[in-house]
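Each chain, written out:
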Amino acid sequence: MTAVSSQPLFTQLIICAINELYLFPLSYSESIRPLSVSIPLEGLYLIGIFSNILLFFCFSFFILFLYSLTKQRNSLAALFACVCLTISAYIGGYAMELRSDTIEEIMFALKLEYFGAPFMSAFWLLMTYRYLFRKSASMNLTLLIILVPFITLFLSMTNEYHHLIYTGISSFTYNGYLLASLEKGPWYYVNILYAYSV
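Within each chain, residues carry numbers counting from 1 in the order of the written sequence. Owing to the predicted nature of the model, reporting of local features is limited to residues with pLDDT of at least 70; listing and counting of side-chain atom pairs is limited to 80 or more, with chain, interface and lining totals taken over all residues. Derived side-chain values reflect all non-hydrogen atoms in the structure, with water molecules and hydrogen atoms excluded from consideration.

Colleague: So, helix α8 (residues 186-197): which residues are in play, and what are the values?
Modeller: Given 3.6 residues per turn, any residue in an α-helix points the same way as the ones three and four places further on. Put simply, DSSP H or I for four residues or longer makes a helix, DSSP E for two residues or longer makes a strand, and each gets a number counted from the N terminus. Helix span is expected to be 1.5 Å times the residue number reduced by one. For α8, spanning twelve residues, the distance from its first C-alpha to its last is 17 Å, which sits close to the expected 16 Å at 1.5 Å a residue. Looking at α8, one finds that the buried residues are Trp-187, Tyr-188, Asn-191 and Tyr-194. The buried residues of α8 all sit within an arc of 125 degrees when viewed along its axis, so they share a single face. When the buried face of α8 is taken as reference, the exposed residues oriented beyond 90 degrees from it are Pro-186, Tyr-189, Leu-193, Tyr-196 and Ser-197. Relative accessible area decides the class of each residue, using a 1.4 Å probe on protein chains only: under 20% of the type maximum gives buried, over 50% gives exposed, and in between gives partly exposed. Taking the helix axis as origin, the arc is that swept by the directions to the C-beta atoms.

Colleague: How would you explain the packing of aromatic side chains if you had to name every residue and give the values?
Modeller: Pairing of aromatic rings covers Phe, Tyr and the six-membered ring of Trp, with a centre-to-centre limit of 6.5 Å; geometry is then stacked below 30 degrees between planes, edge-to-face above 60, and tilted otherwise. In the structure shown here, the tally under the stated rule is nine aromatic pairs. Ring centres of Phe-62 and Phe-65 lie 5.6 Å apart, and the angle between their planes is 40 degrees; this geometry places the pair in the tilted category. With a gap of three residues between them, Phe-62 and Phe-65 both fall in helix α2 (residues 46-69), about one helical turn apart. Taking the relative accessible area as the measure of exposure, Phe-65 reaches 15% and is therefore buried.

Here it is, written out as structure tokens:
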């Protein structure tokens with residue numbers, strides 16, 4: 001492993017992120033040589049710091065959720081509260097995933113993330129519709145918009161039986177932290193396509 005300690009810590013962390021993007025799952029061809037980097041001691045606790053920052057934002061969005069509930073005279077307040085709650089659930093789940101000690105805790109955190117992730121774009125679209133047209137979306141349109149997120153939530157809760165979201169979940173240790181390596185299933189890509197198209 002080649003040390004690149006002359007580079008700034010930020011550059012070294014970007015190189016590690018690139019490595020992790022290209023090396024998951026961990027089985028890769030021997031002909032592919034990843035970028036080599038040696039993380040200095042201050043980089044060892046980056047995942048812990050990152051999870052603490054995520055928890056801070058999780059609580060911040062939850063406070064925004066509670067504050068939005070008190071502003072019911074504003075027509076966008078309820079939808080904004082839903083957006084904040086889903087963001088809080090997703091960020092909190094990811095922070096829990098980073099702090100997990102067992103694969104079961106990682107799987108629980110992944111399920112918690114799906115209480116927020118699929119719904120963020122749907123509620124954002126409903127809030128935008130309300131702002132743009134100065135009226136609520138019809139019941140049929142609302143049901144159509146939140147159909148895919150509810151299917152995604154159901155499939156994430158029952159993933160062990162059909163593996164449509166994740167075909168495989170394994171774990172590995174990185175600087176003392178247990179991290180997940182996820183093999184994505186077909187519905188994962190349907191959810192991503194939906195989130196970006198909405």
